[in-house]
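Chain by chain, the residues run as shown.
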Amino acid sequence: MSANRLCCWKSGEEGVVTEIFGAAPQFDRLRELGIAPGAWVKMIQHGCPMLVQVGNSRICLRRDDAKQIGAEVAVPAP
């Protein structure tokens, strides 16, 4: 698995979503939740499910869903 997927982030890391892989219905649902290319996200808790923050919202994601989200870390975990 590529290190630039959301599923590979550690708790505390922040960065930007670069792309969404997978079927259109899944992409649409993630976009409705605010997870779309260009969105700033923070990994609150790594695990299954993962807890991520997008804007003022916190969202739980299954690991399989997080594997479909391409993202680049801008702020490493402390």
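Note: the structure precedes this text.
Note that the structure is predicted; figures quoted are calculated from it, not measured.

*Asks:* Whenever I open this one, the overall build of the chain confuses me. Can you help?
*Replies:* In terms of helices and strands, the chain carries two helices and five strands. Tracing the chain from N to C terminus, the helices and strands come up as β-α-β-β-β-α-β. Taken over the C-alpha trace, the chain has a radius of gyration of 11 Å; the compact-globule value for 78 residues is 12 Å, and the two agree within 12%. Looking at the 78 residues of the chain, the share that counts as buried comes to 33%. The long-range share in the chain, meaning contacts at least 24 apart out of those at least 6 apart in sequence, stands at 62%. Summed over its atoms, the accessible surface of the chain is roughly 4500 Å², and 50% of this surface lies on carbon and sulfur atoms.

*Asks:* Sorry if this is basic, but what is going on with the environment of leucine 61 here?
*Replies:* By the secondary structure assignment, leucine 61 is in strand S4 (residues 57–61). The buried category is assigned to leucine 61, whose relative accessible area is 4%. With 13 residues separating them in the primary sequence, leucine 61 and cysteine 48 have C-alpha atoms 7.6 Å apart. Beyond its immediate sequence surroundings of up to four residues, leucine 61 is in contact with Leu6, Leu30, Ile35, Pro49, Met50, Val52 and Ile69.

*Asks:* Please explain unusual backbone geometry as it appears in this structure.
*Replies:* Most peptide bonds take the trans form, and the phi angle of most residues other than glycine is negative. Residues cysteine 48 and proline 49 are joined by a peptide bond in cis, for which omega reads 5 degrees. Mapped onto the elements, proline 49 comes out in the loop between strand S2 (40–45) and strand S3 (50–54).

*Asks:* Help me understand the environment of valine 54, please; the structure alone is not making it clear to me.
*Replies:* Within the secondary structure layout, valine 54 lies in strand S3. Residues within four places of valine 54 in sequence aside, it is in contact with Gly34, Ile35, Trp40, Val41 and Ile59.

*Asks:* Would you mind showing me how to read the nonpolar core here?
*Replies:* In summary, soluble globular proteins display a tendency toward joint burial of nonpolar side chains. Leu6, Val17, Ile35, Val52, Leu61 and Ile69 are the most contacted members of the largest nonpolar core, which totals 18 residues. Those elements that provide at least two residues to this core are strand S1 (14–20), S2, S3, S4 and strand S5 (69–75). The greatest single-element share of this core, amounting to three residues, is contributed by S3. Discounting chain neighbours no more than four positions away, the residues touching valine 52 are Leu6, Lys42, Met43, Ile44, Ser57, Arg58, Ile59 and Leu61.

*Asks:* Help me understand the pairing of S2 in this model?
*Replies:* One face of the sheet, then the other: side chains in a regular strand alternate in exactly this way. Bridge count for S1 against S2 is three bridges, and the pairing is antiparallel. Looking at S2, one finds that valine 16 is bridged to tryptophan 40. Across four bridges, S2 lies against S3 in antiparallel orientation. Residue valine 41 lies in a different strand from S3, and its bridge partner there is valine 54. Linkage of S2 to S3, two consecutive antiparallel strands, is achieved through a turn of four residues, within which glycine 47 is found at a positive phi near 150 degrees.

So, how was this worked out
- Residues numbered from 1 in each chain as written.
- Predicted model: local features only at pLDDT ≥ 70, side-chain atom pairs only at ≥ 80, totals over all residues.
- Heavy atoms only, no water.
- Helix = DSSP H or I, 4+ residues; strand = E, 2+ residues; numbered from the N terminus.
- Rg over C-alpha atoms; globule rule 2.2 N^0.38 Å.
- Buried < 20%, exposed > 50% of the residue type's maximum accessible area, 1.4 Å probe, protein only.
- Contact = heavy atoms within 4.5 Å.
- Areas by Shrake-Rupley, 256 points an atom, 1.4 Å probe, with all protein chains shown as cover.
- Core = buried A, V, L, I, M, F, W, Y, C linked by side-chain atoms within 4.5 Å.
- Pairing = 2+ DSSP bridges.

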